[in-house]
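# What the coordinates show
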Amino acid sequence: MADKIRLIARLEVKNDYLVKGIQLEGLRKLGDPHDFAKEYYEDGIDEILYLDIVASLYNRNNLSYILRRTTEDVFIPITVGGGLRTLEDVQKALGQGADKVAINTAAIKDPQLITRVAQAYGSQCMVLSIQAKRRRDAAGWEAYYDNGREHSGLDVVEWAKRGVKLGAGEILLTSVDREGLGRGMDEELIEAVASEVPVPVIATGGAGGVDDIAAAAKKGASAVAVSSLLHYHRATVAGLKEELVKRGVKVRR
Amino acid sequence: MSEVTIIDYGLSNLLSVQRAFEHFGATVKFAKTPEEVRSARALVLPGVGAFRDGMEGLQKLGLIEPIRERAGAGVPLLGICLGMQMLFEESEEFGHWEGLGLIPGRVVKIPDHDTESNPQRVPQVGWNALLPAGTESDFDGSLLEGVRPGEEVYFVHSYEAKPTHKEDLLAQTIYGGRRICAAARRGNVTGCQFHPEKSGRVGLCVIREFARAAEL
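I will try to describe carefully the structure that is included in this document. (Residues numbered from 1 in each chain as written. Chains lettered and ligands numbered in written order. Predicted model: local features only at pLDDT ≥ 70, side-chain atom pairs only at ≥ 80, totals over all residues. Heavy atoms only, no water.)

### What about the pairing of strand β1 (residues 6-14) of chain A?
Residues and elements named next belong to chain A. Where we set the bar: Three labels apply to residues, based on accessible area from a 1.4 Å probe with only protein chains included: buried if under 20% of the type maximum, exposed if over 50%, partly exposed otherwise in between. Secondary structure elements are defined from DSSP: runs of H or I of at least 4 residues count as helices, runs of E of at least 2 residues count as strands, and each element is numbered from the N terminus. Note: two strands are recorded as paired if DSSP finds a minimum of 2 bridges between them.
Among the nine residues that make up β1, eight are buried, leaving the element largely enclosed by the rest of the structure. Taken together, the four bridges between β1 and strand β12 (residues 223-226) define a ladder with parallel strand orientation. Bridging from a neighbouring strand, A9 pairs with V226 of β12. The sheet contact formed by β1 and strand β4 (residues 47-52) spans six bridges and is parallel.

If you want it as structure tokens, here you go:
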């Protein structure tokens, strides 16, 4: 168990704009993603996560311009996701300044891609992204893809375990049910996955305040990725970290 | 004016390192040939991945001897992550591999359990504190000059370097209860296990100091 949690800014991008939706739908334009990333960097965020949220629908990734600008003045790890399908896509993203790639749809369709990425670039850069929805008719969660639209039939915990065996170095775990609502994270989901995989779990979806982040950390998340909380200026990075420390959660200062 | 040459042997994200030096106004060149290495005024050896692939990459381009020559001639050399590990004599990653041998010592796997025998995550991925090694109380007179002990930098690694001589150990970090080498230095050769180009303000201190050393 890592003793310090990482606080990650998650920036969803559509056609060069930072956007934010609710449960991955109903997007609002917020501005230039690079400006937001730079502000969070200067305020002490530990990592940046860029997600091209329409990429997998159109089979493309459009982040290269934003990524190039970000590497000019943001000197922390950057993860990129959305629409990455092949080793070539991954290589391109890494060459443009990304340190890690988050893959969901392509990994569900071709799980061996996880192994190929891990072998070529190391497990540390292969982040398996899982969009989890609670099952209505049974216990547990099901993995979704194409931005929460399509269901895979895969059980989230089993898929996470298999992904790690295939070579994933981290799990980016999104609760689609909670995403964008700011009413708390799916703590049961975080605990169910974090207790079953030996790699770091980045929890995201639903954090409405510092208590939600602290709760996720206590359930085993190694990192928490927040979006609305920061994008709508409900909190600052420095403020969140200060409050986390008060709640006994260790962070980088 | 500072000029820094990054060794490009096909195994790294060079852009981030380039951008970090450009942030301080340095001119960045890339070296893929022995001639380009031999004409460099300051060399950076980056690297992500396996030790064997890294040394094979240098070997194929004929860069091993030129790097040794330049380092021997007193040119400032900074190794980052795998580039730092390759500064040592040998590694046990996938068997036994010879390194550049610029700093005496070897590279070994980080144990998969902590000092209390609990399993620990390898690779170490994340932010960890830089601590002075040995009797020093600060990092004065090194590339870590601007870093305060305890400040955190970003690590991603499964192997750790073990310098033979205590005086070559510049900084340590604590992982799983053990002190492991975070930076090593021997004369004009410095290696950082962490990524200065990804470690925010603290990492940029290292980049700035190297850019300054490259002015001479």
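### A few points about the sheet that holds strand β6 (residues 97-98) of chain B
The four strands are arranged β6-β5-β7-β11 (chain B) in an open sheet whose pairing can be described as mixed. Of all the strands in the sheet, just β6 and β11 (159-163) of chain B have a single pairing partner and so form its edges.

### Some thoughts on the interface of chain B and chain A
Heads up, the rule is: Any two residues whose heavy atoms approach within 4.5 Å at even a single point are treated as in contact. For any pair of parts, buried area is found by adding up, for both, the accessible area (1.4 Å probe) each one loses once the two are put together. Here a salt bridge means any side-chain nitrogen of Lys or Arg lying within 4 Å of a carboxyl oxygen belonging to Asp or Glu.
At the junction of the two partners, chain B supplies 21 residues and chain A supplies 29 residues. In total, chain B and chain A occlude about 2000 Å² of area from one another, counting both sides; carbon and sulfur atoms represent 53% of this. Taken as a group, B:R19, B:R121 and B:W127 account for 35% of the area that chain B buries against chain A, more than any other trio of residues on that side. Counting every contact that joins chain B to chain A gives three salt bridges.

### Topic: the pattern of salt bridges
All names here are of chain A. Going through the model one piece at a time under the given rule, you end up with 38 salt bridges over all chains. Taking the shortest distance from any N to any O, the salt bridge between D186 and R134 comes out at 2.9 Å. Taken together, the residues D186 in the loop between β10 (170-175) and α8 (187-194) and R134 in strand β7 (residues 126-134) connect sequence positions 52 residues apart. Taking relative accessible area as the criterion, R134 reaches 35% and is therefore assigned partly exposed. One network of salt bridges, with partners in common, ties together R6, E47, K100 and E170.

### Topic: the sheet that holds strand β9 (residues 131-132) of chain B
Strand pairing in a sheet relies on backbone hydrogen bonds, with the paired strands running either antiparallel or parallel. With mixed pairing, the eight strands of this open sheet are ordered in space as β2-β1-β3-β4-β14-β13-β12-β9 (chain B). Only two strands of the sheet have a single neighbouring strand rather than two, namely β2 (27-31) and β9 of chain B.

### Overview of unusual backbone geometry
The residue A:N15 is not glycine, and still its phi comes out positive at about 45°. A relative accessible area of 41% means that A:N15 is categorised as partly exposed. The phi dihedral of B:C81 is positive, around 55°, even though this residue is not glycine. With respect to the helices, strands and loops of the structure, B:C81 is situated in the loop between β4 (77-80) and α5 (82-85). Among the residues examined, B:C81 registers a relative accessible area of 8% and is labelled buried.

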